[in-house]
Amino acid sequence: TGTLKDMNFSVPEGGGMRSLYQFMLEPPAVSFRMTGEKDGIIDIVPRTGVLYLNVSLDWETKAVHRLQVESLDEKGNIVKGPYAITIYVEDINDNPPEFDQMKYTGVVRQNSRPGKPFMRVHATDRDDPTTPHAQLTYSILHHFPNPYKEMLFQIDNVTGEISPSKTGSYYLDPQKQDTFTLVVIVKDMAGMTMNAFTSSADVIITVKESLWKAPATIHIQENITQIYPVNISQVHSNEPDVIYDLFEKEKLSRFPFSIDQEGVIYVTEPLDREEKDTYVFFAVTKDNKGELVDKPLQIHVIVEDINDNPPVCQQALTVIEVQENEGAGSSIGTLFATDMDKEDTLNSRLQFKIESQVPAIPASNLFFIQQDTGILQLTSRSLNKRIAPNYSLKVLVTDTVFQTICDVQIHVIDINDQIPIFEKSDYHNVTVAESIPVGTVILEIQATDGDEPGTGSSYIIYQVKEGDPNNTFIIETDSETNRGFVKIN
Ligand SMILES: [Ca+2]
Ligand SMILES: [Ca+2]
Ligand SMILES: [Ca+2]
Ligand SMILES: [Ca+2]
């Protein structure tokens, strides 16, 4: 009890009918009168001054009631007041949280990033949001079906956002299971007490195939003339608003591919198979902070060959020696040529043909070249050095698109009819120390040959005929002097 003055009260909601206070009558006052936000709940007994509630207060309806009280004399005139009486209603946890929907539906793509939300649930609680009574926390109660040890989905307990778990990011596969039902619950009191209220809702999740898939190997013909860049493929992220980029592993000085913000991949310039015939790189997606969104996809490009390289003579001039006594049909040598186009294809298949023979004596067709091997043969007659010591051939080498002329020179040399003769019949003894190093020359020997100098006919090959079963010695020939050097092998 107390005298009439301004007063504040703090009253918990609920609790039913009760009296809060009693004001004392001070003569000449004989009664009290209350006005303001009584709302049919709050009043004062005029003769006793008891301030009372006739039913419970409700925080959710009205959190503050502002009232005025005056005291009156016999005639009804105001003695004191009005005084301000303010009743603050204290919240109690008397409302369970409620989901906005009974049932939610969402779609998730296979291989989505773990923790990346694809949907959210939301609940409200009518209790005082500044108290734990309306502090909500979300969790997953059931997960149907639940085929792995860990759940495929997770929920952010504060925001209600649902995302694939690490397990889900790895295992979700619409081929195996394309629908899941989660029962999610929300608790108030931050879920911290047994007395918290709980509500639940169903979440139906559909799993869809990942859009983020590597395209099949891309085949690009080399050196195509068209307007670059040329669209060669496209990738699609599962996430909207990602930034597409290409990542090159090989660190090429020139990287001839690009990607646009729709995921379309381009080749930016003509490719040359003979320079590089395959490219491997990665398509990546990033968010606006530069973090990777999807796992990088490997892109594989094969450059297809076209016939864009002519045959090349292996030597500017191919020189072949032929002895006078070689018979008709003898193979006398091979013209070698190459082609940089893809091997074992028609683009690099070479064919040979003799275009001309100078001099054309005693006939113009003394030589024959095998069309597909380049092997040269004598046609029918043997050659005679007195008629012509040299012939020049022009050989056409073709890959059916390109042609190259290769020069061949034929040297006609004497018949190899002279035998080599040693200058001495006996070189006596040579004494060497047993520690002598390998390769040391221990003896020089000399023989001569009467055939044409500087040709194979007069070149002398020395061999140890007997007395050296273990090949302790070798003999090398100086090709200019025909001198032989006996060395330790
Ligand atoms: Ca509540
Ligand atoms: Ca309440
Ligand atoms: Ca070619
Ligand atoms: Ca080519």
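Rules behind the numbers
Residues numbered from 1 in each chain as written. Chains lettered and ligands numbered in written order. Predicted model: local features only at pLDDT ≥ 70, side-chain atom pairs only at ≥ 80, totals over all residues. Heavy atoms only, no water. Helix = DSSP H or I, 4+ residues; strand = E, 2+ residues; numbered from the N terminus. Buried < 20%, exposed > 50% of the residue type's maximum accessible area, 1.4 Å probe, protein only. Contact = heavy atoms within 4.5 Å. Donors = N, O, S within 2.8 Å, 3.2 Å for Na, K, Ca; no water. Tetrahedral: all angles 85-135°; square planar, octahedral: opposite > 155°, others 65-115°. Salt bridge = Lys/Arg side-chain N within 4 Å of Asp/Glu carboxyl O.

(A) Inspection of the overall build of the protein at higher detail. Helix and strand counts for the protein come out as one helix and 36 strands. If one aligns the C-alpha atoms of the protein with their principal axes, the spans along those axes are about 170 × 65 × 40 Å. With 489 residues in all, the protein has 39% of them scored as buried. Residue pairs at least 24 apart in sequence account for 63% of intrachain contacts in the protein once pairs closer than 6 positions are excluded.

(B) Here's a closer look at the coordination of the calcium ion (ligand 2). Coordination of the calcium ion (ligand 2) by the protein involves Glu 13 (OE), Glu 60 (OE), Asp 91 (OD), Ile 92 (O), Asp 94 (OD) and Asp 127 (OD), with metal-donor separations of 2.1 to 2.3 Å. Bound by six donor atoms, the calcium ion (ligand 2) shows angles of 77 to 172° at the metal and therefore octahedral coordination geometry. Positions of the donor residues of the calcium ion (ligand 2), expressed as sequence spacing, correspond to E-x46-E-x30-D-I-x1-D-x32-D. A residue pair is termed long-range when its members are at least 10 positions apart, and Glu 60 in the loop between β5 (50-53) and β6 (64-72) and Asp 91 in the loop between β7 (78-90) and β8 (98-99) qualify at 31 residues. We classify Glu 60 as buried; its relative accessible area is 16%. In this structure Asp 91 comes out as buried when scored by relative accessible area, which is 11%.

(C) View of the pattern of salt bridges. Going through the model one piece at a time under the given rule, you end up with 17 salt bridges. Across the pair Glu 269 and Arg 254 runs a salt bridge whose closest N-O atoms are separated by 2.0 Å. Here the residue Glu 269 occupies a position in the loop between β21 (264-267) and β22 (278-286), and Arg 254 occupies one in the loop between β19 (243-248) and β20 (257-259), the gap between them amounting to 15 residues. Look at Arg 254 and you get partly exposed, because its relative accessible area is 32%.

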